[in-house]
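Below, each chain spelled out in residue letters.
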Amino acid sequence: MSFNIFMVPVSLALRVVMGEEGFNSWVRSKQNRMRTSIKKENELEHIVGRAGYDFIPYSTFRKTHFANTFFIWEKEGDNWTAVFSTYDKEEEVQLVTEKLNRVAGKNIFRASMNIGRQQKEENNTYPTNFTDKTVLKKALSEADIPYYEEVNKLVCTINGCRMELVRENKSYYEVRIITNQNFNKSMIYLNMLDEEYKKIVQTETYQNIMKKVNESSDMEVENEYLEEDSVVLVVKCIENRA
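Right, let's walk through the structure included here. (Residues numbered from 1 in each chain as written. Predicted model: local features only at pLDDT ≥ 70, side-chain atom pairs only at ≥ 80, totals over all residues. Heavy atoms only, no water.)

**Describing the overall build of the protein chain**
Okay, step 1: Per the secondary structure count, the protein chain includes five helices and twelve strands.
Okay, step 2: The buried share of the protein chain, reckoned over its 242 residues, is 40%.
Okay, step 3: Counting only contacts in the protein chain whose residues sit at least 6 apart along the sequence, the fraction spanning at least 24 positions is 56%.
Okay, step 4: Total accessible area on the protein chain is roughly 14,100 Å²; 46% of this is exposed by carbon and sulfur atoms. (Helix = DSSP H or I, 4+ residues; strand = E, 2+ residues; numbered from the N terminus. Buried < 20%, exposed > 50% of the residue type's maximum accessible area, 1.4 Å probe, protein only. Contact = heavy atoms within 4.5 Å. Areas by Shrake-Rupley, 256 points an atom, 1.4 Å probe, with all protein chains shown as cover.)

Here is the structure:
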């Protein structure tokens, strides 16, 4: 499975830290965009289906799976554009495009491919929402990700992937991903870490709120229920009546 830009954890603070323009530029740098001559969605869906691929609604895009990953179809102006990741293997992308051209009976791709731009060894740095070292270390343990400490960083090496969680002159940790094979593995581990970190933060927040409520004579829990993966507390203030 290859890395896809849509797999980046939602909690990564890329858009906030980089700003809208910087974030969009970063996203573009990870994409291979191949503009087609197809303008009608039903025509594109017909070609994709006859080639043996799916064509699934995905937010405002359409998604097509191939080689254990997927790429996105996006409307640019009047024409549809296939958006691959720069980490997709060239031969796998070519197989898809050749099938689509063969079914269409013509070359539907106007723009030339720009595959293989990524260096063999990747060194990518992303901002995160991780701010607490104790919670982060606990999350690493809960996710079964081995790590060791260096100055201002936690270093994780697992299955050929190296992640460095670095905190230098900032209020949050940055993650540096260094790998020369299957970048997607690092993103999977990062997603696991992100989930464990959120669980710990949610649990500690819940415990702190309950402690304050139980210690106070002015508050009580009126209702408590689960909503998706979160616990919702409704706290009522008690009026002191003379």
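Right, picking up where we left off after that structure.
**Notes on the pattern of salt bridges**
Okay, step 1: Applying the stated criterion across every chain, the model contains 14 salt bridges.
Okay, step 2: A salt bridge links E41 to R62, with the nearest nitrogen and oxygen atoms 2.8 Å apart. Pair noted here: E41 is in helix α2 (residues 41-50) and R62 is in strand β3 (residues 61-66), with a separation of 21 residues, a long-range link.
Okay, step 3: Here E41 falls in the partly exposed class, since its relative accessible area comes to 30%.
Okay, step 4: A salt bridge links E174 to K170, with the nearest nitrogen and oxygen atoms 2.8 Å apart.
Okay, step 5: A relative accessible area of 17% means that E174 is categorised as buried.
Okay, step 6: Ionic contacts of the salt-bridge type, sharing partners, join the residues E150, K153, R162, E164, E168 and R176 into one network. (Salt bridge = Lys/Arg side-chain N within 4 Å of Asp/Glu carboxyl O.)

**So, the nonpolar core**
Okay, step 1: Core analysis: the biggest nonpolar cluster contains 22 residues, and F130, L136, L165 and L193 have the highest contact counts within it.
Okay, step 2: For this core, the elements supplying multiple residues, two or more each, are α4 (133-142), β8 (153-158), β9 (161-166), β10 (174-179) and α5 (183-215).
Okay, step 3: Ignoring any residue separated from it by four or fewer positions in sequence, one finds L136 in contact with F130, L154, L165, Y173, L193 and Y197.
Okay, step 4: In terms of nonpolar packing, the next biggest core, distinct from the first, is built from 19 residues, V48, W73, W80 and L100 among them. (Core = buried A, V, L, I, M, F, W, Y, C linked by side-chain atoms within 4.5 Å.)

**Some words on the packing of aromatic side chains**
Okay, step 1: If you walk through the whole model with that rule in mind, you get six aromatic pairs.
Okay, step 2: Measuring from ring centre to ring centre gives 4.7 Å for F130 and Y197, while their planes differ by 45°; the resulting arrangement is tilted. Highlighted residues: F130 in the loop between β6 (122-127) and α4 and Y197 in helix α5, separated in sequence by 67 residues. We note that F130, like Y197, is buried.
Okay, step 3: The structure contains a cluster of three or more aromatic residues connected by ring pairs, namely F66, F71, W73 and F84.
Okay, step 4: Taking the ring centre of F70 as reference, the NZ or CZ of K63 above it sits at 4.9 Å. (Phe/Tyr/Trp six-rings, centres within 6.5 Å; stacked < 30°, edge-to-face > 60°. Lys NZ or Arg CZ within 6 Å of the ring centre and 35° of its normal.)

**Re the sheet that holds strand β1 (residues 31-35)**
Okay, step 1: Across the sheet, five strands lie side by side as β1-β5-β4-β3-β2; this open sheet has antiparallel pairing. Each of the sheet's edge strands pairs with one partner strand only, and the pair in question is β1 and β2 (56-58). Adjacent strand axes in the sheet meet at a mean angle of 35°, parallel and antiparallel pairs treated alike.
Okay, step 2: Sheet analysis places β3 next to strand β4 (residues 69-76), joined by five bridges and oriented antiparallel. Note on β4: the bridge partner recorded for R62 is W73. (Pairing = 2+ DSSP bridges. Axes fitted to C-alpha atoms, helices over the stretch in contact; angles between N-to-C directions.)

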